[in-house]
Amino acid sequence: MTWTFLESALLVIASLHLIKAPYTKVEESFNLQAIHDIINYGVFDISKYDHLQFPGAVPRTFIGALIVSGCLKPFLWISSLWNGSDALPTQLETQLLARGVIALINCLSIIYLKEQYQALVDRESGAAEDDEGNKINTHVKNDFSFTSAGNWFLLFFMSSFHMMFYCSRPLPNFVVAFSLTNLALAMVLKGKYEWSIGILAFASVVFRLEIAALGVGITLCCIYFKKVSIFKAIRFGVMGLSLGISLSLFVDSYFWKNWGIPEIDSFIFNVVEGNSSNWGTESFFAYFNKYVPMLFLPPTALILNYAALKFAPTDLKIVAFASYFHILILSLQPHKEWRFIVYAVPSIMLLGSLSAAYLWENVKVENFMNALYLISLPATPLISFILSMLFLYISRMNYPGGDALFSFNNYIINHNVTDVTVHISVPPCMTGVSLFGELDYDRYAVTYDRTENIQSLTSLWKTFDYAILLESSMDSFQLDTAKDNEWEIIQTTQMFMGLNYTYINDLFFDEERNIPEIFRVAFTNRTIGPFFTDLVENSIVKSDIFYTYKRISKD
């Protein structure tokens, strides 16, 4: 395996998304807070753990957080050497490092999948080589060249907004779960079918139960193509389930102080009891006509899937069919989210990249249509990357809770405030506030309160010196004891609210100007940089969403 420029670019782009949008939302809070508690309190005394106070609707596994925390330790040691005795006021750097570890694990799994994929198509096309660069005698099934297939796969993946923006996020779907499914897909491409079945069985019962649909799809396809016997498939499936159940039961029962397997408890709560419908329901076809097209912009890789099936190796067909089967089975569940089918995205990109490699290496420019095909191929990841950067610019504004907490902390530091208590209401907590963002208590003595219960909040209200709320007036807050005349607003935090269509219309569709003329003037006057900056900033509408209050001192 030789490390390539594209593999380095994959890590750089993932890091870019991480740095530009450092905060997290409520869906990511369990794993993030769990990593915080493991790093700060260890695993032997869990009395201060956040989940004991805020358990959530259903329990989640601690195994992913434990793995990430373990991998994080060397980076924290290096960071401590770098910073020396100058301790940072918050642990936000640790939060970024934790997310960096998640991104690294996921990106390495994608790189490993790419390597096995390229090795497979090389074997099938007769391009396989040994360690000394000599051709390996294989049974060549076609005379086409596919040496760029792995590179096209990486290009499709790294230019995808959803893949790069979320691969570092502590969502349950991306903390170890996504990397394990990629490993399982790589095992199929490597010819180790039974190991793929075992890995998916393990991952489904430990991390995300929807992975079982992918596991069943892999199993059925392997049996259909006579890659594995029914007996061996069942044996490895049972092995993976048994190992996963034992590990989850042992580890998670300890942390939750109650015997149970989180993914099974979640399945009963969400599917059997139907509680997932409380978060919204969509039609059976929503994944196919809404979420899958959303994940592939522009849809070139998706469109190329059909053509690739005609010459794809059998092992690639197995992972592709299993991925579509996964989407089909999850369509039966009324509540739908794109992240539930994220495990199918790499397979679809693999199939699309095979067609891209075929067109790029084997189609000659003999007519206009062939030239159009070849031009559209490199244009696809380029357009996708531009869209990804635009979405990143907008999405980083959707974490106002993190911005509000950061601004509040700066206020505390700049004004030398100590020994105070701030109440943070639910909306800011759901949009970026985390334990990593709190100031060091030993240095600043700031207590961060996140009480949700109204009665408890009422009894504690008089003890708060500051508050970060959604309400623009204390009189409109949910407590009768909160009065405007006792508080003053010291900060406001804005959030993305939409596009300024009036500005866009006036700029591009005014009768006295046209789009080519606008860009011609910008390039001629060498103001293209400021032009695009103003264009983006003026096209976006932001408004105040959170308000930071300070209690007015009384005589």
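Residues numbered from 1 in each chain as written. Predicted model: local features only at pLDDT ≥ 70, side-chain atom pairs only at ≥ 80, totals over all residues. Heavy atoms only, no water.

Draft legend 1. Layout of the packing of helix H4 (residues 92-125) against helix H5 (residues 149-158). Their axes nearest at 8 Å, the elements H4 and H5 cross at an angle of 150 degrees. The pairing of H4 with H5 is recorded here as roughly antiparallel in orientation. In this structure, H4 crosses over H5, and the sense of that crossing is right-handed. Across the interface between the two elements, Ile 110, Leu 113, Lys 114, Tyr 117, Gln 118 and Val 121 from H4 touch Ala 149, Gly 150, Asn 151, Phe 153, Leu 154 and Phe 157 from H5. Residues of the contact of H4 with H5, tallied by class, amount to eight nonpolar, three polar and one charged. (Axes fitted to C-alpha atoms, helices over the stretch in contact; angles between N-to-C directions. Helix = DSSP H or I, 4+ residues; strand = E, 2+ residues; numbered from the N terminus. Parallel < 35°, antiparallel > 145°, perpendicular 65-115°, else oblique. Left-handed = near helix turned anticlockwise from the far one by under 90°. Contact = heavy atoms within 4.5 Å. Nonpolar A, V, L, I, M, F, W, Y, C, P; charged D, E, K, R; others polar.)

Draft legend 2. Spotlight on the pairing of strand E1 (residues 420-424). Most of E1 sits inside the fold, with five of its five residues counted as buried. Going residue by residue along E1, you find Val 420, Val 422 and Ile 424 tucked away on one face and Thr 421 and His 423 tucked away on the opposite face as well. For E1 and strand E2 (residues 446-449), the ladder comprises four bridges, and the chain directions are parallel. Across the sheet, residue Thr 421 finds its bridge partner in E2, namely Thr 447. Pairing analysis gives three bridges linking E1 to strand E3 (residues 466-469), with the strands arranged parallel. Each residue of the ladder has a partner; that of His 423, found in E3, is Ala 467. (Buried < 20%, exposed > 50% of the residue type's maximum accessible area, 1.4 Å probe, protein only. Pairing = 2+ DSSP bridges.)

Draft legend 3. Looking closely at the packing of aromatic side chains. This model, assessed by the stated rule, comprises 34 aromatic pairs. Arranged with centres 6.1 Å apart and planes meeting at 70 degrees, the rings of Phe 62 and Trp 256 form a pair that is edge-to-face. Within this pair, whereas Phe 62 is found in the loop between helix H2 (29-41) and helix H3 (63-83), its partner Trp 256 is found in helix H10 (residues 230-256), the two being separated by 194 residues in sequence. Trp 256 matches Phe 62 in its accessibility class, with the two residues each being buried. One residue, Lys 25, lies across the ring of Tyr 399, its end atom 5.3 Å from the ring centre. (Phe/Tyr/Trp six-rings, centres within 6.5 Å; stacked < 30°, edge-to-face > 60°. Lys NZ or Arg CZ within 6 Å of the ring centre and 35° of its normal.)

Draft legend 4. Fine view of the pattern of salt bridges. What the rule picks out here adds up to eleven salt bridges. As a salt-bridge pair, Arg 450 and Asp 50 come within 2.5 Å of each other at their nearest N and O atoms. With Arg 450 in the loop between E2 and helix H20 (454-460) and Asp 50 in the loop between H2 and H3, this pair connects stretches of sequence that are 400 residues apart. Just as Arg 450 is buried, Asp 50 falls in that class too. Lys 114 is the partner of Glu 115 in a salt bridge, and the nearest nitrogen-oxygen pair spans 3.2 Å. With relative accessibility at 7%, the residue Lys 114 sits in the buried group. (Salt bridge = Lys/Arg side-chain N within 4 Å of Asp/Glu carboxyl O.)

Draft legend 5. A look at a nonpolar patch on the surface. On the surface, Phe 284, Phe 285, Phe 288, Leu 328, Ile 329 and Leu 332 cluster together into a nonpolar patch covering about 550 Å² of accessible area. In this fold, Leu 328 is placed in helix H14 (residues 314-330). (Patch = residues over 30% accessible without salt bridge, like charges linked within 9 Å, V, L, I, M, F, W, Y side chains within 5 Å. Areas by Shrake-Rupley, 256 points an atom, 1.4 Å probe, with all protein chains shown as cover.)

Draft legend 6. Expanded view of the nonpolar core. Counting 116 residues, the largest nonpolar core has Leu 10, Tyr 117, Phe 207, Ile 218 and Leu 316 as the members making the most contacts within it. Counting residues per element, this core draws most heavily on H4, which supplies twelve residues. Non-local contacts of Tyr 117, meaning those with residues more than four positions away in its chain, are made with Ala 149, Gly 150, Phe 153, Leu 189, Leu 316, Leu 350, Ser 353 and Leu 354. Ranked by size, the runner-up nonpolar core spans 19 residues in total, among them Tyr 411, Tyr 444, Tyr 466 and Ile 545. (Core = buried A, V, L, I, M, F, W, Y, C linked by side-chain atoms within 4.5 Å.)

Draft legend 7. Highlighting helix H9 (residues 211-224). With 14 residues, H9 should reach 20 Å at 1.5 Å per residue; the first-to-last C-alpha distance of 20 Å fits that figure. Listed in full, the buried residues belonging to H9 are Ile 211, Ala 213, Leu 214, Gly 215, Gly 217, Ile 218, Thr 219, Cys 221 and Cys 222. Where the residues of H9 are buried, they touch helix H7 (177-190), helix H8 (193-206), H10 and H14. Directly beyond the C-terminal end of H9, a positive phi value near 60 degrees is found at Lys 226. (Expected span 1.5 Å × (residues − 1).)

Draft legend 8. Examining the sheet that holds E1 more closely. Reading across the sheet, the five strands line up as E2-E1-E3-E5-E4 and stay open at both edges, with mixed pairing between neighbours. In this open sheet, the two edge strands, each paired with only one partner strand, are E2 and strand E4 (487-499). Sheet twist, expressed as the average angle between the axes of neighbouring strands with direction ignored, equals 20 degrees.

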